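Results of the structural survey
Chain by chain, the residues:
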Amino acid sequence: MAEKAKSPKRAAKPGKSGNSAKKDKGGPLGRVAKIAGIVVLALLLIAAVIGIVFYERTELPDPNADFTTQTTRLYFRDGTSELGALAIQNRTNISHDDMPQSIKDAVVAAEDRTFWTNQGVDLKGMGRAVWGILTNREISGGGSTITQQYIKIRYLTSDQTFSRKFTELALALKMDKSESKEQVLEGYLNTIYFGRGAYGIEAAAQAYFNVSAADLTIDQSAALAAMVNTPSTLDPASGDNARQALLQRYNYVIDGMLDPIGSITQEQHDQYYNQLPEFPDIPVSDVYGGPNGFLIEMATSELEAQGFTPEQINGGGLTIITTVDARMQQAAIDSAESTVQRAVDNAYYITDDEGNRVKPSADDLHVGLASIDVGTGGILALYGGPDFVSNSRNWATTPRYAASTFKVWGAVAGLRNGFGLSSTLRGSTYTPEGDTEPVQNDSAYNYGTVTLQKAIQDSINTSFVDLIARIPNGTEELIRAANDAGIPEDDSWAPQVNRMVLGEGEVTALDNATGYATLAGNGVRNETHIVAEVRDASGNVVYSGNSEGVQAIETPVAQDLSYALSGAVAGSTVSAVDGRDVAGKTGTEGIAVGQDGATKQITRSAWLCGYTKQIATAVVMVAGDDGNQNLDVYARPGSGAFYGAGYPTDVWNSYMAVATDGLPFVDFDPPANIQPTVRNTLPVTSATSAAPQPTETTEPEETSAPETTRPVETTEEPEPTGPETTAPETSETTEPAEPEPTRTGRSG
């Protein structure tokens, strides 16, 4: 029988292996990966289709009506009395051809160094912006090319949402295709805000340099481009900190103009680098005219620091309600300006450059006043000068020698470290250990052994130097006390070493008011602020100032200090506040004859810082353009020097009489009577029987303060019984009485 043919074996299916279970390659995970890939591709395809449709349907809208028409208004704290209005149409459009090449190159170097090559968007930046939205983080500035900035400012809003960002992206891509780079840059430079109410480069050139944009130099262009980032914060008129911040940003622009832009040579780079152009004194804006211009500048700067853009502030139709009381503010202005005029009227005659005998100028005598609401930190009134437009230096925020107002923080350090008001200290001239120069009191007066309370009330220099020396890490404890009260450390403090407690470092009137308000609040420190509330154009509250407090100084310490400082104020000050509980400290910084080689006495700052339970106010007076010249030419008739107990006390009394009028009478808490744990080891000694007799009676002359590394602080003249109200009549040919003798020591 024939043998059956064998059936051929089936060939193994591709992908199957020998004897293993016949499974699909990759198993379930492989199938999932395939499905996921298909889904992702589908989603990408859908997103691409949506993106194309969105791109095609997105049209460039009309320019923002709100951006060009809405005005921001600022109000006093009652919400109805207008402080000022920020108009937004200070703009003169110019063509691209009329713009100097330097400003075109500078703004590209500052804001978008890929401008000439990108397609209107920065995809990496957009990625950061999307991530910011997804994580609910700040995304301002994310992906902002010049084209995108222009679109956002001119046509859209500042909302940080996907829809606005995608619209911005689509419009930027369209604009890049429909308009030339030159057209985009022209529109951008005619639209952006540069500060000082100036929109566009032509207005900015006028506002900062008083020239047409066409005449801008390379360094001027770089400075303006640097300010686009945060103009209020970088305006050099805002002070040394703003100037330093501008210099850093300016150097970044100069570097960019060299590389990668390549518009300046290495020689030009080296010429302009680290050297800001000169900013002439020119009118800023009528909005900022007068003493209230300082308030408007402070409010806008505060809001920028809180994240508001210049466009929102100046053109967003905001309602900004400040903490400033209209009645108190007017009292601050009246008190400061009337006292300055009275001081000039009563001043000694000086010899001018032409040999004429004249009175010193009112323009050279400056008052800084800051008044704080105890418990909230709101600024109730602030006087920085008579006119922000003519001189934008704010004397209430400019640091100057603190004098004896700083001794209070030495007392805080002492009470924290085992001393009490009954502790005894050195009250006579002595040389601190490790020092070569003796510390002495006003007129070299020796008080003998004194208590801390007497040292506070009589402002005894030797006692405070002794106190800090006996506290472990005394200088650090002194700085900590001031910082805790709300006074930031200034660079001028550290070089004063063991004399720092005498106030030979610098403090602003606003910071001093903050510190004394902390004492008034039993050691609770509040954040000082000037903006109470901001509402948008629809009336919605979009910002509220922080009035929360923290216990920064121990309550018993603050209570004992208020008790001691109550005995340091004059009767006129008590009368000014109608008998309310009041505490405070005067201060006078000066160089005496023979001190550090000085041939004439010079007084460079005079203070009164004081408080009731509700209001803390600091007043400082200085002289000269830099605030470091001789105040003595303005001394009271018959007085040998300019003292904190003189005109500064008059300003404080006059202002506080109005500020406290109508407020309830609130007493200070009783003293805690902290018991000392540091032993009193000093021998009991008696005071000198009489102060030194006069040795000099010459009239002070108009001079500049001599150079010194250790300024001398001096004590006060006898307190007046009340603030002067009228200047004595003086003939032009009759000079006031000759001054009393000069001082020979520190105190205040």
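Every chain begins its residue count from 1, and numbering advances along the sequence as written. For this predicted model, a pLDDT threshold of at least 70 governs which residues receive local features, and a threshold of 80 or more governs which side-chain atom pairs are given and counted, while totals over whole chains, interfaces and linings are taken from all residues. Working from all heavy atoms in the structure, the side-chain values ignore hydrogens and water.

Notes on the confidence of the model for the protein chain
Atom-level detail of predicted coordinates should not be read off regions where pLDDT is low. We count it as follows: What pLDDT conveys is the predictor's confidence in a given residue, as a value from 0 to 100. We call two residues in contact when some of their heavy atoms are within 4.5 Å.
On average, residues of the protein chain carry a pLDDT of 82, and 75% of them reach 70 or more. A low-confidence stretch, residues 1–23 stays under pLDDT 50, and its non-local contacts, those more than four residues away or across chains, total 4 contacts. Ignoring residues within four places in sequence, the model shows residues 691–747, a span with pLDDT below 50, making 193 contacts including any to other chains.

Examining unusual backbone geometry
To be explicit about the condition: The helix and strand labels rest on DSSP assignments: H or I over at least four residues marks a helix, E over at least two residues marks a strand, and numbering proceeds from the N terminus.
For the bond running from D259 to P260, omega is 20°, close enough to zero to count as cis. Its place among the elements puts P260 in the loop between helix 11 (240–258) and helix 12 (266–272). At V497, a position not held by glycine, the phi torsion is positive, near 40°. Locating V497 in the fold gives a position in the loop between helix 19 (474–485) and strand 13 (506–507).

Focus: the pattern of salt bridges
Stated formally: Here, a salt bridge means any Lys or Arg side-chain nitrogen found within 4 Å of an Asp or Glu carboxyl oxygen. Categorising residues by exposure relies on relative accessible area from a 1.4 Å probe, with only protein chains included: less than 20% of the type maximum marks a residue as buried, more than 50% marks it as exposed, and the intermediate range marks it as partly exposed.
Applying the stated rule across the entire model yields 18 salt bridges. D484 is the salt-bridge partner of R416, the closest N and O atoms lying 2.9 Å from each other. Of this pair, R416 sits in helix 16 (residues 407–416) while D484 sits in helix 19, placing them 68 residues apart in sequence. For R416, a relative accessible area of 17% translates into the label buried.

A few points about the environment of E182
Here E182 shows up in helix 7 (residues 181–189). Judged by relative accessible area, which is 35%, E182 ranks as partly exposed. Distance from E182 to K104, taken between C-alpha atoms, is 9.4 Å for residues 78 residues apart in sequence. E182 has contacts with H96 and W116, leaving out every residue within four places of it along the chain.

Regarding helix 18 (residues 461–470)
With respect to burial, helix 18 is a largely interior element, 8 of its 10 residues being buried. Among all positions in helix 18, only N461, T462, S463, F464, V465, D466, L467 and I468 are buried.

Thoughts on the packing of helix 16 against helix 18
Packed helix pairs are specified by the crossing angle of their axes together with the interaxial distance, meaning the distance between the axes. We count it as follows: Axis definition: a line fitted to C-alpha atoms, over the contacting stretch in the case of helices. Angles run 0 to 180 degrees between N-to-C directions. Roughly parallel covers angles under 35 degrees, roughly antiparallel covers those over 145, roughly perpendicular covers 65 to 115, and oblique covers all other angles. Crossing handedness: left-handed means the near helix sits turned counterclockwise from the far one by under a right angle, and right-handed means the same turn made clockwise. Residue type decides the class: Asp, Glu, Lys and Arg count as charged, Ala, Val, Leu, Ile, Met, Phe, Trp, Tyr, Cys and Pro as nonpolar, and the leftover types, Gly among them, as polar.
At a minimum axis separation of 10 Å, helix 16 and helix 18 run at an interaxial angle of 40°. Relative to helix 18, the element helix 16 is oriented oblique. Seen along the crossing, helix 16 lies across helix 18 with a hand that is left-handed. For the pair helix 16 and helix 18, the contacting residues are K407, G410, A411 and G414 in the first and N461, F464, L467 and I468 in the second. Class assignment of the residues belonging to the contact of helix 16 with helix 18 gives a composition of 4 nonpolar, 3 polar and 1 charged.

Quick word on the nonpolar core
Put simply, the rule reads: To define a nonpolar core, start from buried Ala, Val, Leu, Ile, Met, Phe, Trp, Tyr and Cys residues and group those joined through side-chain atoms within 4.5 Å.
Core analysis: the largest hydrophobic core is formed by 87 residues, its most contacted members being F406, W409, I456, L519, L561 and Y611. Looking at this core element by element, the count peaks at 7 residues for helix 20 (residues 509–520). Beyond its immediate chain neighbours, meaning those up to four positions away, I456 contacts A411, L421, F464, L561, A564, L565, A568 and K585. A109, L216, I254 and F279 belong to the second largest nonpolar core, which has 47 residues in total.

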